Every structure is written in C-alpha cells, then in structure tokens.
Amino acid sequence: MEKQVIIATKNKGKAKELEKMFSTFNIKVKTLLDFPDAIDVEETGSTFEENAILKAETISQQYNIMTIADDSGLVIDALDGRPGIYSARYAGEDKDDEANIDKVLAEMIDIPNDDRSAKFYCALAIAIPGKETITVSGTCEGEILRERKGDNGFGYDPIFFIKDKGLTMAELSSEEKNRISHRAKAVNKLPAILQNLFDLGDQK
Ligand SMILES: O=c1[nH]c(=O)c2ncn([C@@H]3O[C@H](COP(=O)(O)OP(=O)(O)OP(=O)(O)O)[C@@H](O)[C@H]3O)c2[nH]1
Ligand SMILES: [Mg+2]
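Residues numbered from 1 in each chain as written. Chains lettered and ligands numbered in written order. Predicted model: local features only at pLDDT ≥ 70, side-chain atom pairs only at ≥ 80, totals over all residues. Heavy atoms only, no water.

**Q** Could you give an account of the site of ligand 1, with specific residues and numbers?
**A** The full set close to ligand 1 counts 21 residues, and Thr9, Lys14, Lys55, Tyr156 and Asp157 are the nearest of them. Within the side chain of Thr9, an N or O atom sits 2.6 Å from an oxygen atom of ligand 1. Its free accessible area being 620 Å², ligand 1 has 96% of it covered by the protein chains. Every element with two or more residues in the shell around ligand 1 is listed here: strand S3 (67-76) and helix H5 (182-187). The element contributing the most residues to the shell around ligand 1 is S3, with 4 residues. A per-class count over the shell around ligand 1 returns 4 nonpolar, 7 polar and 10 charged. (Near = heavy atom within 4 Å. Polar contact = N/O pair within 3.5 Å; in protein donor to acceptor, adjacent residues only side chain to side chain. Areas by Shrake-Rupley, 256 points an atom, 1.4 Å probe, with all protein chains shown as cover. Helix = DSSP H or I, 4+ residues; strand = E, 2+ residues; numbered from the N terminus. Nonpolar A, V, L, I, M, F, W, Y, C, P; charged D, E, K, R; others polar.)

Encoded structure:
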C-alpha cells in the first residue's frame, strides 16, 4: 500500500505550509479535510510537545494511519513566555488572529524596543500505529514590532520581525518563510527519522 500520512491540523495556514514541505517526501499527504469526522482533540497538555503528541496519537489511533501533528506558538521573553501554548486562543476560544495580535501589542506597549525579543516554537509529533511516538522541534528568533507589517502568512506573522532579513514574517514570500521558519526547522529534522521508521516495518 502507498505510504500515507495525515497532517492533523485544523489551522489552514499551518496545513498549507506543512503540505508544501511534505511534498518533497515520497508519501501521500492527507489533511483533516479528508477526514471530516476526525476527533476534535482538546489541547490539555502543558507543553507544545505534549499537545502535539495528544493530537497526533488521537488521530493516528482513530484511522490507523501515520499522523503528524504540529503544536506551535509565539514565546515572548518580556511576557514570561506568553502567549506560548495558548497562542491560538490568547484572546479567546474563537482563535481570532487579529484579536490575538491586538492583545499582545497592548500588553507590550510599555516594553522598550531593546526588550522585545521573542521566538516562534514548533513541536511536531509523529505517531505511527504500533510504534513509539517521536517529536522534533524548531525555533525561529525575532522581535515584536509595535504595529503590523505585511499580509502574508498567518497568526502573529505581521508583528514578528526578523533582524537578519529586515522584514516581518508576513513580508516574506511563502517560499522564504518555509526556508527559515520554526516549522521548516522542525520538518527538516524528519527525513532521517522517517527513513528509519519505514525501515523498521510496514507502513500502512
Ligand atoms: O504568526 C504565526 N506564524 C506561524 O508560523 C505560527 N505558527 C504558530 N503560530 C501561532 O500559534 C498558534 C498555534 O496553535 P496550535 O498549535 O494549537 O494550532 P491551532 O489551534 O491553530 O491549529 P491545530 O493544529 O491545533 O488544529 C497559531 O494559531 C498561531 O497563533 C504562528 N503564528
Ligand atoms: Mg490548536
């Protein structure tokens, strides 16, 4: 049977980036759009890794197919790591990107320019039926601006400034974001792991 993987995310921005990154692997990529009855996993973990594992294992057990889940977020030093694992729901359960940005900007209004460092963090969990779940992670360093710049990407991208580039994440092309992002850095650790896993036995 052809190797296949489910990317278990309901976030369209993430799904698009991950589908693109996985297109280089010799594997059929499915998303939760292909599985409308997928369980809605509650993110009850206290770390990105725990939440990624919860999402990946629940869906891989439901369908008996290898599943990758991404749990990610923005970690701001001056806010003691917030919004962190609560990034998607920072301003409320309706997961409104614009409201989330407004909340961060308001909380940081008195934070001086040289104390606005932050990072994006991405944990990926790979759950394969009958095998132990594996996690990898990646980070991307930046600074939080005082206003939005750029329209690409999703989430907090318009206020996340990357010094090396002199641009926000939302001003990068999708190709460029996919080269340097926290998600790309995590995905880049996968080929060796996937190779190893496939060599261990049959993959449905
Ligand atoms: O500007 C951003 N650029 C990114 O590249 C990025 N990656 C993550 N994030 C933020 O972190 C939340 C993830 O939370 P999260 O991992 O729980 O995902 P989610 O709830 O959106 O979807 P799901 O995968 O759980 O179904 C997202 O909603 C965003 O607010 C990002 N923001
Ligand atoms: Mg989520």
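**Q** Run through the nonpolar core, naming residues and quoting values.
**A** One recurring pattern in soluble globular proteins: nonpolar side chains tend to sit buried together. Leu74, Ile76, Val104, Ile144, Tyr156, Phe160 and Met169 are the most contacted members of the largest nonpolar core, which has 20 residues in total. When contributions to this core are tallied by element, the ones reaching two or more residues are S3, helix H3 (97-107), strand S4 (117-127), strand S5 (134-144) and strand S6 (160-162). Ranked by residues supplied to this core, first place goes to H3 with 3 residues. Once you skip the residues sitting within four places of it in the chain, Leu74 turns out to touch Gly81, Arg82, Pro83, Gly84, Ser87, Ala118, Lys119, Phe120, Ile144, Tyr156 and Phe160. (Core = buried A, V, L, I, M, F, W, Y, C linked by side-chain atoms within 4.5 Å. Buried < 20%, exposed > 50% of the residue type's maximum accessible area, 1.4 Å probe, protein only. Contact = heavy atoms within 4.5 Å.)

**Q** Describe the UniProt feature "binding site: Mg(2+)" (unreviewed entry) in the protein, naming the residues involved and giving the relevant values.
**A** Per the UniProt entry, the sites bearing "binding site: Mg(2+)" (unreviewed entry) are Glu42 and Asp71 in this numbering. In three dimensions, the annotated residues from a span of 30 residues occupy one location, with a maximal C-alpha spread of 12.0 Å. Within the secondary structure, Glu42 sits in the loop between strand S2 (28-31) and helix H2 (48-63). Following the sequence through the fold, Asp71 ends up in strand S3. When neighbours within four sequence positions are excluded, Asp71 is seen to be in contact with Lys14, Glu43, Phe48, Asn51, Ala52, Lys55, Ile85, Tyr121, Cys122 and Ala123. Engagement of the side chain of Asp71 in a polar contact is seen with the side chain of Lys55, the distance being 2.8 Å. (UniProt positions renumbered as here; feature names shortened; annotations may be inferred.)

**Q** How would you sum up the pattern of salt bridges? Please name residues and give values.
**A** All told, the structure shown has 14 salt bridges when counted by the stated rule. Taking the shortest distance from any N to any O, the salt bridge between Glu17 and Lys177 comes out at 2.7 Å. With Glu17 in helix H1 (residues 12-22) and Lys177 in helix H4 (residues 174-180), this residue pair connects regions lying 160 residues apart in the sequence. In terms of burial, Glu17 and Lys177 fall into one category: buried. Residues participating in the shared-partner salt-bridge network are Lys14, Glu17, Asp70, Asp157, Lys177 and Arg183. (Salt bridge = Lys/Arg side-chain N within 4 Å of Asp/Glu carboxyl O.)

**Q** Outline the sheet that holds S3, supporting the account with residue identities and numerical values.
**A** Strand order in the open sheet made by the 7 strands is S2-S1-S3-S4-S5-S6-S7, with mixed pairing throughout. For this open sheet the edge positions go to S2 and strand S7 (167-168), each flanked by a neighbour on one side alone. By the bridge criterion, 2 bridges tie S6 to S7 in an arrangement that is antiparallel. For Ile162, the partnering residue across the bridge sits in S7 and is Leu167. Against the sheet, H1 makes contact with strand S1 (4-7), S2, S3 and S4, and its axis sits at roughly 125° relative to S3, the strand it touches most. (Pairing = 2+ DSSP bridges. Axes fitted to C-alpha atoms, helices over the stretch in contact; angles between N-to-C directions.)

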